[in-house]
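# Structure at a glance
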Amino acid sequence: MSPPLLDARRLERRFQRRRRGRREGPIIAVAGVDLRIEQGSSLAIVGESGAGKSTLLRILLGLEPCDEGTVYFDGQQISNQSDRSIRRLRKRFQPVFQDHGDSLNPLLRVATIISEPLRAHAIGDRPWQEKRVRELLAMVGLSGDAAAQKPGSFSAGQRQRIAIARALATEPELLVLDEPVSSLDPPVRSAIVSLLREIHMDLGVALLLVSHDLETARQLCKETAVMFAGRIVEHGATEIVLSRPVHPYTQDLLKAEPQWEGGVPQVASRREDSGDPPARTACSYFHRCSKSIGKCEAIPTLEPGEDGHRVACWVNQGMMNAE
């Protein structure tokens, strides 16, 4: 059998904490994360700000080292490797970032921006690259005239289309989407999600979405992993995880999901933290969970239930297996 397209095993990332100039215990941003993405599949990693999603994404892209664990792309290790050693692999996985304003150089023409990956990987000659740019602009719903303009001439949604076109230039097998629609208005957001869904279906490109937006996860990804305090606490088919959540954190996350009324998000109130964070040996949600029991003072493992649905919760694992 061929290896998974992306395979992350027991990833951990720690940062040293300082207070008033003194070193304290480390902050664990990513703790024991396992993830697998197969060819042509789609996975969303969701959670609130500070859950560790951005750190995990940078490790998966090979942009930041991990303290423990390993990341493989198509069977080849990309974690803790030099950029030079994984350069040839990079054209096979490409990112689309949230802030298109920072990721698109305002001084360059769109044609130069989109063809940058082609030049970096020495793909095709200049006439071929120019033709490829026109194809990519059409693919993302922009006219060929856009090639001669600069990013400032376009709306936020159009700039995100340009960023997507650049990511597709090398015909990657995996798109890594970092909050790709969070800064867009609802109608534009819907259009970009539809575009990404079409790309996923038509080109067979695998998607890894990192987001706090559960609705985008619903629309784009077949599987969802819920992250809290550096750990994956629930993982399974998106339809099941986001309609019949088992972990108390996932349940609270859904209660706090914005409800759109008249184009304006109405955010449900979320219960505030109570007390100090739990010890590192306890469940990461112990200090906020209304269902906690004595056993929660030990870290639960991510246990499988029916249909591959997994949850890390002492209280609800038995309930899930009984379904």
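Each remark here, short or long, concerns the structure printed above.
Only a predicted model underlies this, so the values are computations on that prediction, with no experimental measurement involved. (Residues numbered from 1 in each chain as written. Predicted model: local features only at pLDDT ≥ 70, side-chain atom pairs only at ≥ 80, totals over all residues. Heavy atoms only, no water.)

### Brief notes about the overall build of the chain
Scanning the chain from N- to C-terminus turns up 11 helices and 14 strands. When burial is assessed residue by residue, the chain has 47% of its 323 residues classed as buried. Once local pairs closer than 6 in sequence are excluded, the contacts in the chain between residues at least 24 apart make up 61%. Per element, the accessible surface of the chain, about 16200 Å² overall, is 48% carbon and sulfur. (Helix = DSSP H or I, 4+ residues; strand = E, 2+ residues; numbered from the N terminus. Buried < 20%, exposed > 50% of the residue type's maximum accessible area, 1.4 Å probe, protein only. Contact = heavy atoms within 4.5 Å. Areas by Shrake-Rupley, 256 points an atom, 1.4 Å probe, with all protein chains shown as cover.)

### Here's the deal with the packing of helix H6 (residues 156-168) against helix H7 (residues 186-203)
One way to put it is that H6 packs onto H7 with a least axis distance of 10 Å and a crossing angle of 20°. Accordingly, the angle class assigned to the pair H6 and H7 is roughly parallel. Considering the relative orientation of H6 and H7, their crossing is right-handed. Residues Gly157, Gln160, Arg161, Ile164 and Leu168 of H6 form the contact with H7, whose participating residues are Val188, Ala191, Ile192, Leu195, Leu196, Ile199 and Leu203. Its residues assigned to classes, the contact of H6 with H7 comprises nine nonpolar, two polar and one charged. (Axes fitted to C-alpha atoms, helices over the stretch in contact; angles between N-to-C directions. Parallel < 35°, antiparallel > 145°, perpendicular 65-115°, else oblique. Left-handed = near helix turned anticlockwise from the far one by under 90°. Nonpolar A, V, L, I, M, F, W, Y, C, P; charged D, E, K, R; others polar.)

### What about the sheet that holds strand E7 (residues 174-178)?
Taken in spatial order, the eight strands make up an open sheet running E6-E7-E8-E3-E9-E10-E14-E13, and their pairing is mixed. Edge positions in the open sheet fall to strand E6 (93-96) and strand E13 (303-304), since each of these has one partner strand only. Inspection of the sheet shows strand E10 (residues 231-237) paired to strand E14 (residues 310-311) by two bridges, in the antiparallel sense. What sits directly across from His235, in E14, is Arg310. Sitting on the sheet, H7 is in contact with strand E3 (42-46), E7 and strand E8 (206-211), with an inclination near 150° to E8. (Pairing = 2+ DSSP bridges.)

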